[in-house]
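Spelled out from the first residue to the last, the chains are:
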Amino acid sequence: MSRETLYSIRMRSSIDGKHVSGAERIVPVDRLRPTIDELVARPAESGHRPDHMSLTVDELDPARVRRIRGLDIVMLDIADPQASRADAARVLEHAGVSPRAARIAIDLLLAGPGPSGTVMRGAMIVDAETGARLEQDRARGVRATRFDWSESGENGIRALLASASLTHFRVREALALASKVAHAPGIVAELCWSDDPGYTAGYVAVRACGYVRFPRLKELGSATGGRAFFVRHEGFDREAFTRYLCEEAVLIDEPGAYRGVLDPELFLASLPK
Ligand code: WAQ
Ligand code: MG
């Protein structure tokens with residue numbers, strides 16, 4: 001395994017002080033220039049013309065970069081958003097989230113989980129048993145940073161997703177984030193859908209079940225969304241959880257298995273008891 005120096009690159013852009021686009025990568029020195037170019041071009045690709053952009057580059061100690069395998073991937077074949085959310089709740093419950101906590105989180109993502117129904121910058125932390133919210137700041141939430149595919153992992157996941165006709169960078173990035181989050185101390189499951197009105201796909205991620213993707217987890221045109229990190233009720237250590245998510249660098253070396261497009265009933269029946 002190579003021990004070359006790695007760099008964390010983070011980009012954030014805004015218009016009139018309002019965040020519009022952000023992205024981050026972890027790359028070796030020879031990928032620094034092209035990756036910076038790619039991140040600088042990112043807001044325009046999403047149709048934004050930011051008036052401010054910040055780019056941060058930090059050297060990482062390669063001995064302290066954790067390497068993991070990506071989550072397995074399964075696509076569920078459901079067209080209706082409401083039915084998709086009901087099945088997402090069933091996957092969450094299978095992972096150990098209480099029906100009440102699943103319901104609370106889904107309702108919050110529908111309404112906008114930030115103050116007065118706004119979208120949060122990061123994720124909610126939700127007690128998997130009670131549904132109580134545990135994040136310190138309800139506008140910001142907790143943001144996972146410092147994760148990426150390694151070069152070989154990136155080639156692997158691109159090829160795998162291309163075979164499933166999923167070439168959008170969002171899928172690759174969401175999979176990387178979900179893979180890091182699924183290894184957090186105290187995590188039970190994650191639920192996510194985008195706040196982008198034109199992007200309806202979302203997922204439930206669980207280390208044992210994989211990245212369970214729903215093509216339409218919300219209604220087209222809806223501008224609410226977000227992420228819920230469900231955590232263990234007993235002995236949850238928010239500090240250790242947050243430190244792992246925000247500070248520990250994680251590289252994903254290889255994609256998980258691709259299970260294909262499945263009928264939701266068959267998938268739910270196939271889950272380990
Ligand atoms: N850490 C925690 N929460 C985050 C982060 C982060 N680094 N980045 C975004 N969020 C939260 C925040 O509340 C956003 O409003 C919300 O997630 C959605 O972010 O096709 O594009 O970047 O398989 O809009 C999932 C499906 C797409 C991908 C998710 O999220 C697929 C997506 P977005
Ligand atoms: Mg967004």
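Refer to the structure presented above.
My aim in this report is to walk through the structure given alongside it, one point at a time.

Comments concerning the sheet that holds strand S9 (residues 202-206)
- Across the sheet, which stays open at both edges, the seven strands sit in the order S6-S11-S8-S9-S10-S5-S13 with mixed pairing between neighbours. Looking along the sheet, the strands with just one partner apiece sit at the ends: strand S6 (124-127) and strand S13 (258-262). When the angles between neighbouring strand axes are averaged without regard to direction, this sheet yields 15°.
- Direction of pairing for strand S8 (residues 187-193) relative to strand S11 (residues 226-231): antiparallel, over a ladder of six bridges. By the bridge assignment for S11, isoleucine 187 is matched with valine 231.
- Along the sheet face, helix H6 (residues 238-247) touches S6, S8 and S11 and points at about 135° away from the line of S11.

Observations concerning the side chain of serine 194
- Structurally, serine 194 can be placed in the loop between S8 and S9.
- When its relative accessible area of 11% is taken as the criterion, serine 194 is described as buried.
- In terms of polar contacts, serine 194 uses its side chain to reach the side chain of arginine 170, at 3.2 Å.
- Sequence-distant contacts of serine 194, defined by excluding residues within four places in its chain, comprise Arg170, Tyr199, Ala201, Lys218, Thr224 and Gly225.

What counts, and at which threshold
Residues numbered from 1 in each chain as written. Chains lettered and ligands numbered in written order. Predicted model: local features only at pLDDT ≥ 70, side-chain atom pairs only at ≥ 80, totals over all residues. Heavy atoms only, no water. Pairing = 2+ DSSP bridges. Helix = DSSP H or I, 4+ residues; strand = E, 2+ residues; numbered from the N terminus. Axes fitted to C-alpha atoms, helices over the stretch in contact; angles between N-to-C directions. Contact = heavy atoms within 4.5 Å. Buried < 20%, exposed > 50% of the residue type's maximum accessible area, 1.4 Å probe, protein only. Polar contact = N/O pair within 3.5 Å; in protein donor to acceptor, adjacent residues only side chain to side chain.

These figures come from the coordinates and say nothing about function on their own.
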